[in-house]
Amino acid sequence: MRVSVLQENLVRGLSIVNRAVNSRPTLPVLSNVLLATEDGRLKLSATDLELSISMWVGAKVEEDGSVTVPARTFYDLTSNLSPERIDMELNTRNQTINLQCGGTDTNLRGIPAEEFPLVPEADPNAKIVIPGEVLKHMISEVAFSAAREDNRPVLTGIYTNFSGNTLTMASADGFRLTVRKTTLDFEVGEELEIIIPARTLVEIEKIIDDEDEVFVSVPDGRNQIMFHMGDIDVISNLIEGSFPEYERIIPANHSTETFLYRDEFLRACKRSEIFARDNSNIARLRVEPSSDGGPGAVNVSAQSNEMGDNTSMIDATIEGTGVEISFNIRYLIDVLNVLRDDQILLETNTSSDPGVIRPLGRDEREQFLYVIMPMQVGQ
């Protein structure tokens, strides 16, 4: 293999594919990145056997070939080279690749490409095509509430459903539920129902450009999902199992509607979190409708036996009865951080019923709801 590539292009490619490298690989070759010439370009691939990422980089190929090199070392080296052309040549006898850039000359030992797992390529002509901006926003608004622990593997994934022209994503961790829907500009055809690892979608969110078109395919019988975005492929295993029937968790009715400005509510929650940290993150919301037809108020409070307490009162438009309810303040902050809307609606019933948060003013094509379970606090 003899190939030349611009330093900035190589570093960008490595920064993307290295997201699939496990810090504790089961096989030595899995800590490596594959370099291979293909159709006059340089292909970079990395995998941990569950997630695979490939990217094609423009290059001048003088001799075809392939090798794998330590991903972290190769990235650290190339990111510190001069922003010039990098010339690489592989010595197939000892699997050592020589890099020359500016006044730098480096030899890096690798592992034969034949030992690297086969990484399939995504379908660039898949029938499901999602605008990058739409998918990026959907992922950001649903991935945060997926479970981190794998006691119930299905909850570490994001339920994804294509039905008609509607894409639905949902995540839950046992304490909260997020559901995000969007209307697509095409009919999917046969309904598709899968669970995608949250980690996969988080990585895709970081890779996608708003201008991208994302081609999505699910090959028959392979329990995989494939994403194709320009010069990048992301292949991921799917999670087997049945996602909980989340519709049952969504309250059928509510007695109080509280309309709040997101930024003001978020700042109040962050102030309370300072004191709630020592008390299981418990914060209390007291919703107080006005008795004279004016604006109502929401009191957000938390206390710490060590530090003291904090109460913030914010104006709100309230329809219905007053209620006092306790939540994990971190869960409120999480959802307020990902929403981009100016106003939100908080639906409540009693102190022991879940609360529901919805953004206001969205296009009817974009639907979002967040269910948060209350915390029981001794009086």
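*Asks:* Lay out the sheet that holds strand β7 (residues 85-91) in plain terms, naming residues and giving numbers.
*Replies:* Within the open sheet, the five strands sit side by side as β5-β1-β7-β8-β9. Their pairing is antiparallel. If you trace the sheet from one side to the other, it starts and ends with β5 (60-63) and β9 (104-109), each paired once. Each strand axis lies, on average, 20° off the axis of its neighbour in the sheet, ignoring direction. Relative to β5, strand β1 (residues 2-6) runs antiparallel, the two sharing three bridges. Looking across to β5, one finds that S4 is bridged to K60. Lying on the sheet, helix α1 (residues 7-17) is in contact with β1 and β7; it crosses β1 at an angle near 90°.

*Asks:* Go over the nonpolar core with me, naming the residues and quoting the values.
*Replies:* The biggest cluster of nonpolar side chains holds 59 residues, and the ones touching the most others in it are L35, F74, M88, I97 and F227. Once you skip the residues sitting within four places of it in the chain, L35 turns out to touch M1, L42, K43, L44, G65, S66, V67, V69, F74 and I97. In this structure, L266, A276, V298 and V323 belong to the second largest nonpolar core, which totals 34 residues.

*Asks:* Talk me through the sheet that holds strand β6 (residues 66-70); I want residue IDs and the actual numbers.
*Replies:* Spatially, β6-β2-β3-β4-β17-β16-β15-β10 is the arrangement adopted by the eight strands of the open sheet, whose pairing is antiparallel. A strand with exactly one partner marks an edge of an open sheet, and here the two such strands are β6 and β10 (128-131). Averaged over neighbouring strand pairs, the angle between their axes works out to 20° when direction is ignored. By the bridge criterion, five bridges tie strand β2 (residues 32-38) to β6 in an arrangement that is antiparallel. Bridge assignment links A36 to a residue of β6, and that residue is S66. Strands in contact with α1 are β2, β3 (41-47), β4 (51-58) and β17 (232-237); relative to β4, the strand with the most contacts, it is inclined by about 170°.

*Asks:* Explain the environment of I333 to me, using residue names and the numbers behind them.
*Replies:* Looking at the secondary structure, you find I333 in helix α6 (residues 329-338). Assessed through its relative accessible area of 2%, I333 is described here as buried. Considered as a pair, I333 and E273 are 60 residues apart in the sequence and their alpha carbons are 8.8 Å apart.

*Asks:* Which residues make up α6, and what values go with them?
*Replies:* The element α6 is largely enclosed, with a buried count of eight among its 10 residues. Buried within α6 are the following residues: I329, Y331, L332, I333, D334, V335, L336 and V338. Its side-chain oxygen at 2.9 Å from the backbone nitrogen of R330, N328 defines the N-terminal cap of α6.

*Asks:* Go over the packing of helix α3 (residues 132-140) against helix α4 (residues 198-207), please, and point to the residues and values.
*Replies:* Running from amino to carboxyl end, α3 crosses α4 at an angle of 135°, the nearest separation of the two axes being 9 Å. Relative to α4, the element α3 is oriented oblique. When you trace α3 past α4, the crossing you get is left-handed. Of the residues in α4, those touching α3 at L135, K136, I139 and S140 are L201, V202, I204 and E205.

Calculation criteria
Residues numbered from 1 in each chain as written. Predicted model: local features only at pLDDT ≥ 70, side-chain atom pairs only at ≥ 80, totals over all residues. Heavy atoms only, no water. Pairing = 2+ DSSP bridges. Helix = DSSP H or I, 4+ residues; strand = E, 2+ residues; numbered from the N terminus. Axes fitted to C-alpha atoms, helices over the stretch in contact; angles between N-to-C directions. Contact = heavy atoms within 4.5 Å. Core = buried A, V, L, I, M, F, W, Y, C linked by side-chain atoms within 4.5 Å. Buried < 20%, exposed > 50% of the residue type's maximum accessible area, 1.4 Å probe, protein only. Polar contact = N/O pair within 3.5 Å; in protein donor to acceptor, adjacent residues only side chain to side chain. Parallel < 35°, antiparallel > 145°, perpendicular 65-115°, else oblique. Left-handed = near helix turned anticlockwise from the far one by under 90°.

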